[in-house]
Amino acid sequence: MSKRPGKTQNNHSSGRISLILLAAALVTAAHNFYFLPYTSDGASSMSSVNLIEAYSAIKSCVIKNVGNAAAVQATTLWQNKPAVIFVVRRFGCSLCRGFAKQLMDHKQDFDNIGVDVVAVGHETLGSEEFAKLHWHDSNTVFVDEEKKFFGALGMRWMGFARMLVSPSTWKNIFKADKDVQGNFKGEGRLLGGLFVAKPGDGGFVYAHQEQVPGDHPDIKDVIEAARTAAGMQK
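Remarks on the nonpolar core
Move 1: One finds Val84, Phe86, Leu103, Phe110, Phe130, Trp135 and Val141 to be the most contacted residues of the largest nonpolar core, which totals 31 residues.
Move 2: At the level of elements, strand E3 (83-87), helix H3 (94-105), helix H4 (107-113), strand E4 (116-121), helix H5 (127-134), strand E5 (141-143), strand E6 (193-197) and helix H9 (219-229) are the ones that each hand at least two residues to this core.
Move 3: Residues within four places of phenylalanine 110 in sequence aside, it is in contact with Val84, Leu103, Val115, Val117, Val222, Ile223 and Ala226.
Move 4: Of all hydrophobic cores here, the second largest spans 25 residues; its members include Ile58, Val87, Phe150 and Phe195.

Encoded structure:
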């Protein structure tokens, strides 16, 4: 029995179309995985922080004190005086620890302004070591297991592959303080940032979203925001 050329050609065409569709799907998936930050619902999020909405989202959340394991409401961090709140991506990250060192190097400046400096992470792992080696007081390090602080910053996740191919990430690594050591323990894909709060129910005056690992604000900007929160004129 002779073969039917028309049927063979149709099979070849269908195979080529399937390969093209598969290749397109792989390219799209790779692009999303490598280049797009994503939120918990899969949507890209690079928007700036709405200070009013961020404050409303955070003020009622409960966080855990690393020093004494007490559960406290977030507003206690700035109830009596302004506060700089470092939202830590990962307690074991050398870049996060490097920025913690910057904050601690300027602790006297913040004390002179009358502002507390606290750190908030999203997991307990590494928090005690961070508090002991890289922070001034374990009672000013907290764990936000509900990730409310991170949600107020947009709940922005960044895949490891995108971190590795991001020039900004490598730039931050190369300029980092080489004396500050870190590890790879813990969940590091959830990006952090920083808030500066007025005392009482005055709200936030400043917010910074970490766009890639090590994307921390200029310490001068943080000090200036702290002065604003404390009611000092420029």
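After that view, the rundown keeps rolling.
Concerning the pattern of salt bridges
Move 1: By the definition in use, this model includes seven salt bridges.
Move 2: The salt bridge partner of glutamate 210 is arginine 89, with a shortest N-O separation of 3.7 Å. With glutamate 210 in the loop between strand E7 (204-209) and H9 and arginine 89 in the loop between E3 and H3, this residue pair connects regions lying 121 residues apart in the sequence.
Move 3: We classify glutamate 210 as buried; its relative accessible area is 1%.
Move 4: The closest approach of N and O atoms between glutamate 187 and arginine 189, which form a salt bridge, is 2.9 Å.
Move 5: The class of glutamate 187 is partly exposed, set by a relative accessible area of 21%.

What to know about a nonpolar patch on the surface
Move 1: A contiguous nonpolar surface patch, about 500 Å² in accessible area, is contributed by Leu164, Val165, Trp170, Ile173 and Phe174.
Move 2: Counting only elements with at least two residues in the nonpolar patch, the list comes to helix H7 (160-165) and helix H8 (167-174).
Move 3: Counting residues per element, the nonpolar patch draws most heavily on H8, which supplies three residues.
Move 4: Position of valine 165 among the secondary structure elements: in helix H7.
Move 5: Note on valine 165: relative accessible area 40%, which makes it partly exposed.

Looking at unusual backbone geometry
Move 1: Phi angles above zero are rare outside glycine, and lysine 147 is one such case at about 60°.
Move 2: Among the structural elements, lysine 147 can be located in the loop between E5 and helix H6 (148-152).
Move 3: Given a relative accessible area of 24%, lysine 147 falls into the partly exposed group.
Move 4: Although it is not a glycine, methionine 155 sits at a positive phi angle of roughly 45°.
Move 5: Counting through the fold element by element, methionine 155 comes out in the loop between H6 and H7.

Some details on the packing of aromatic side chains
Move 1: Taken as a whole, this structure holds nine aromatic pairs when the rule is applied.
Move 2: Ring centres of tyrosine 55 and tryptophan 78 lie 5.9 Å apart, and the angle between their planes is 45°; this geometry places the pair in the tilted category. Linking tyrosine 55 in helix H2 (residues 51-58) with tryptophan 78 in the loop between strand E2 (71-73) and E3, this pair joins segments that are 23 residues apart in sequence.
Move 3: Residue classification places tyrosine 55 among the buried residues on the basis of a relative accessible area of 7%.
Move 4: Both rings, one in phenylalanine 149 and one in phenylalanine 195, keep their centres 6.5 Å apart while their planes meet at 55°; by these two values the pair is tilted. With a gap of 46 residues between them, phenylalanine 149 in helix H6 and phenylalanine 195 in strand E6 connect regions that are remote in the sequence. Phenylalanine 195 matches phenylalanine 149 in its accessibility class, with the two residues each being buried.

Quick notes on the side chain of threonine 169
Move 1: Relative to the assigned elements, threonine 169 resides in helix H8.
Move 2: Not counting chain neighbours up to four residues away, the residues in contact with threonine 169 comprise Met158, Met163, Val212 and Pro213.

Focus on the confidence of the model for the chain
Move 1: Residues with a pLDDT of 70 or more make up 79% of the chain, whose mean pLDDT is 85.
Move 2: Throughout residues 24-47 the model reports pLDDT below 50, and contacts reaching past four residues in sequence, or to other chains, amount to 34 contacts.

So, the environment of glycine 151
Move 1: Within the element layout of this structure, glycine 151 appears in helix H6.
Move 2: Since its relative accessible area comes to 33%, glycine 151 is described here as partly exposed.

Cut-off values and rules
- Residues numbered from 1 in each chain as written.
- Predicted model: local features only at pLDDT ≥ 70, side-chain atom pairs only at ≥ 80, totals over all residues.
- Heavy atoms only, no water.
- Core = buried A, V, L, I, M, F, W, Y, C linked by side-chain atoms within 4.5 Å.
- Buried < 20%, exposed > 50% of the residue type's maximum accessible area, 1.4 Å probe, protein only.
- Helix = DSSP H or I, 4+ residues; strand = E, 2+ residues; numbered from the N terminus.
- Contact = heavy atoms within 4.5 Å.
- Salt bridge = Lys/Arg side-chain N within 4 Å of Asp/Glu carboxyl O.
- Patch = residues over 30% accessible without salt bridge, like charges linked within 9 Å, V, L, I, M, F, W, Y side chains within 5 Å.
- Areas by Shrake-Rupley, 256 points an atom, 1.4 Å probe, with all protein chains shown as cover.
- Phe/Tyr/Trp six-rings, centres within 6.5 Å; stacked < 30°, edge-to-face > 60°.
- pLDDT = per-residue confidence, 0-100.

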